[in-house]
Amino acid sequence: MLAAVAGSPGRLADVLAVRDVAGPAACGVGEVVVRMVASTVNPSDEVTVSGAYGSRTSFPMVPGFEGVGVIDAVGPGVPAGAVGRRVLPLGSAGAWQQYKRLDHSWCVPVPDDLPDEVACFAYINPLTAVTMVERFCPPGVRNVVVTAATSAIGRHLAELLADRGVAPVGIVRGTPGRTVADPSRWRAVIRTDEPGWRRRLRTLTGPRGVEVAFDCVGGGVGADVFAVTAADGVFVHYGLLSGTPLPAECFTGRGARVELFRLRDTVQQDGGRHLPALFAPVFENLHRGRLRTAVTRRVRLSELPGHLKSPAAGQAGKILIDPQG
């Protein structure tokens, strides 16, 4: 079968190659083989391939944390009726190949009426946004800041917060051609490349400060948002788009509580048994036409390394990978 393989740690565009590899071995007890139908690229794939998680990543590896597929074969202990079921195969990387073998408990059934190009994106951004809002935004919260507001997850957070009557302040880095998807959902959008943006942020958040901050940027921008988060507020740090960690002073215990949110911890906590319930609100939102992801380009698996090297890889929106191509 074909697989996109990262042979060593490094920049994804530099170390990825499509190879003809051995197909999956016969299923063991409780295992299935999933024929991958669609996948995509996420920052988590880039971070993992970079070698950032060296203690739990070995090379060569097949990246791809997000995708949808169809159960093609089952092992002992798995109902025969599972064959043909569309699922999200979670719990590990490996979506950038034609077939993925895994334990059946890590397969989340996908509703029949959700198209592949919608179901493919149901995991990382929607599940993160739903879980964080439910966990950190109790009723009564009104003053919220979201960094990387033009990102897909920034859009999802604004959508979910709107249901609670909250219009957050968005922080953006001023990337040319990128704007928030729906300006009406934001109380204000501040560009960090504009003079006086910190002063404007302090004015908008008021003397008490931010009740909840969602930060996936880190570095200096994350530190500036932390500085305006109320002492009894919560600063939720869930990504590092800047590539620079938060300063040490954010973790001294003085000021806002810092919560390091990792989707992996939520998903992996009980071996997958809670996954259907965890995804229920995500699928409900997708059925309502919400938490959707814009697809800007479709590529065959064999084209993926070339696409990652091209200027198109930096464009807004997501790519949809056809693993069978």
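Let me sum up the structure you'll find in this document. (Residues numbered from 1 in each chain as written. Predicted model: local features only at pLDDT ≥ 70, side-chain atom pairs only at ≥ 80, totals over all residues. Heavy atoms only, no water.)

1. Thoughts on the overall build of the protein chain
Phase 1 of the analysis: If you tally the helices and strands in the protein chain, you get ten helices and 15 strands.
Phase 2 of the analysis: Compactness check: the protein chain gives a C-alpha radius of gyration of 20 Å against a globular reference of 20 Å for 325 residues, within 12% of the reference.
Phase 3 of the analysis: For the protein chain, the spread of C-alpha atoms along the principal axes amounts to about 60 × 40 × 35 Å.
Phase 4 of the analysis: Looking at the protein chain as a whole, 50% of its 325 residues qualify as buried.
Phase 5 of the analysis: For the protein chain, long-range pairs separated by at least 24 residues make up 66% of all intrachain contacts whose partners lie at least 6 apart in sequence.
Phase 6 of the analysis: By element, 51% of the accessible surface of the protein chain is carried by carbon and sulfur atoms, the whole surface being about 14400 Å². (Helix = DSSP H or I, 4+ residues; strand = E, 2+ residues; numbered from the N terminus. Rg over C-alpha atoms; globule rule 2.2 N^0.38 Å. Buried < 20%, exposed > 50% of the residue type's maximum accessible area, 1.4 Å probe, protein only. Contact = heavy atoms within 4.5 Å. Areas by Shrake-Rupley, 256 points an atom, 1.4 Å probe, with all protein chains shown as cover.)

2. Let's talk about the environment of Val225
Phase 1 of the analysis: With respect to the helices, strands and loops of the structure, Val225 is situated in helix H7 (residues 219-227).
Phase 2 of the analysis: For Val225, a relative accessible area of 1% corresponds to the buried category.
Phase 3 of the analysis: Sequence separation between Val225 and Leu275 is 50 residues, and the spatial gap between their C-alpha atoms is 33 Å.
Phase 4 of the analysis: Once residues lying within four places of it in the same chain are set aside, the contact partners of Val225 are Val145, Thr147, Ile171, Leu201, Ala213 and Phe235.

3. Re the sheet that holds strand S9 (residues 169-172)
Phase 1 of the analysis: In spatial order, the strands read S10-S9-S8-S11-S12-S13; together these six strands make up an open sheet with parallel pairing. The open sheet has two edge strands, strand S10 (188-191) and strand S13 (257-260), and neither has a second partner. Sheet twist, expressed as the mean angle between neighbouring strand axes with direction ignored, is 15°.
Phase 2 of the analysis: One ladder, built from three bridges, connects strand S8 (residues 144-147) with strand S11 (residues 210-215); its direction is parallel. Its bridge partner lying in S11, Val146 is registered against Phe214. (Pairing = 2+ DSSP bridges. Axes fitted to C-alpha atoms, helices over the stretch in contact; angles between N-to-C directions.)

4. Re the environment of Pro247
Phase 1 of the analysis: Assignment of secondary structure puts Pro247 in the loop between strand S12 (229-237) and S13.
Phase 2 of the analysis: With residues near it in sequence (within four places) discarded, Pro247 still touches Gly219 and Ala223.

5. Topic: the pattern of salt bridges
Phase 1 of the analysis: Following the criterion strictly, the structure yields twelve salt bridges and no others.
Phase 2 of the analysis: Across the salt bridge formed by Arg191 and Asp193, the nearest N and O atoms sit 2.7 Å from each other.
Phase 3 of the analysis: A residue is classified by how much of its surface remains accessible, and Asp193, at 42% relative accessible area, is partly exposed.
Phase 4 of the analysis: With a closest N to O distance of 2.9 Å, Asp224 and Arg198 form a salt bridge. Placement of the pair is Asp224 in helix H7 and Arg198 in helix H6 (residues 197-205), with a sequence separation of 26 residues.
Phase 5 of the analysis: In this structure Asp224 comes out as partly exposed when scored by relative accessible area, which is 21%. (Salt bridge = Lys/Arg side-chain N within 4 Å of Asp/Glu carboxyl O.)

6. Looking at the side chain of Lys100
Phase 1 of the analysis: Counting through the fold element by element, Lys100 comes out in strand S6 (residues 99-103).
Phase 2 of the analysis: Salt bridges are absent for the buried Lys100, whose nearest opposite-charge side chain, Asp45, sits at 9.6 Å.
Phase 3 of the analysis: Within the structure, the side chain of Lys100 is placed 3.0 Å from the backbone oxygen of Ser92, a separation counted as a polar contact.
Phase 4 of the analysis: Polar contacts involving the side chain of Lys100 include one to the main-chain carbonyl oxygen of Ala93, which spans 3.3 Å. (Lys, Arg positive; Asp, Glu negative; His and termini not counted. Polar contact = N/O pair within 3.5 Å; in protein donor to acceptor, adjacent residues only side chain to side chain.)

7. Brief notes about unusual backbone geometry
Phase 1 of the analysis: Here Phe59 and Pro60 are connected by a cis peptide whose omega angle stands at 0°.
Phase 2 of the analysis: One non-glycine residue with positive phi stands out, namely Ala148, at about 55°.
Phase 3 of the analysis: The residue Ala148 is located in the loop between S8 and helix H5 (152-162) in this model.
Phase 4 of the analysis: On the basis of relative accessibility, which here comes to 13%, the residue Ala148 falls in the buried class.

8. Here's the deal with the side chain of Lys318
Phase 1 of the analysis: Looking at where Lys318 falls in the secondary structure, it is placed in strand S15 (residues 318-322).
Phase 2 of the analysis: Lacking a salt bridge, the buried Lys318 has Glu66 as its closest oppositely charged neighbour, with an N-O distance of 5.5 Å.
Phase 3 of the analysis: Among the polar contacts made by the side chain of Lys318, one reaches the main-chain carbonyl oxygen of Val41 at a distance of 3.1 Å.
Phase 4 of the analysis: Each residue touching Lys318, except ones within four places of it in the same chain, is listed here: Thr40, Val41, Asn42, Pro43, Phe121, Asn125, Thr293, Ala294, Val295, Thr296 and Arg297.

9. With respect to the pairing of strand S1 (residues 2-6)
Phase 1 of the analysis: For S1, the buried fraction is high: four of the five residues fall into the buried class.
Phase 2 of the analysis: Relative to strand S2 (residues 16-20), S1 runs antiparallel, the two being bridged by five bridges. Bridging from a neighbouring strand, Ala3 pairs with Arg19 of S2.

10. Describing helix H4 (residues 124-136)
Since the α-helix packs 3.6 residues into each turn, any two residues three or four apart lie on the same face.
Phase 1 of the analysis: For H4, spanning 13 residues, the distance from its first C-alpha to its last is 18 Å, which sits close to the expected 18 Å at 1.5 Å a residue.
Phase 2 of the analysis: Among the 13 residues that make up H4, eleven are buried, leaving the element largely enclosed by the rest of the structure.
Phase 3 of the analysis: By the burial criterion, the buried members of H4 are Ile124, Asn125, Pro126, Leu127, Thr128, Ala129, Val130, Thr131, Met132, Val133 and Phe136. (Expected span 1.5 Å × (residues − 1).)

11. A few points about the environment of Gly222
Phase 1 of the analysis: With respect to the helices, strands and loops of the structure, Gly222 is situated in helix H7.
Phase 2 of the analysis: C-alpha separation for the pair Gly222 and Pro245, spaced 23 residues apart in sequence, amounts to 8.8 Å.
Phase 3 of the analysis: Setting aside residues up to four positions removed in sequence, Gly222 forms contacts with Asp215, Phe235 and Leu246.

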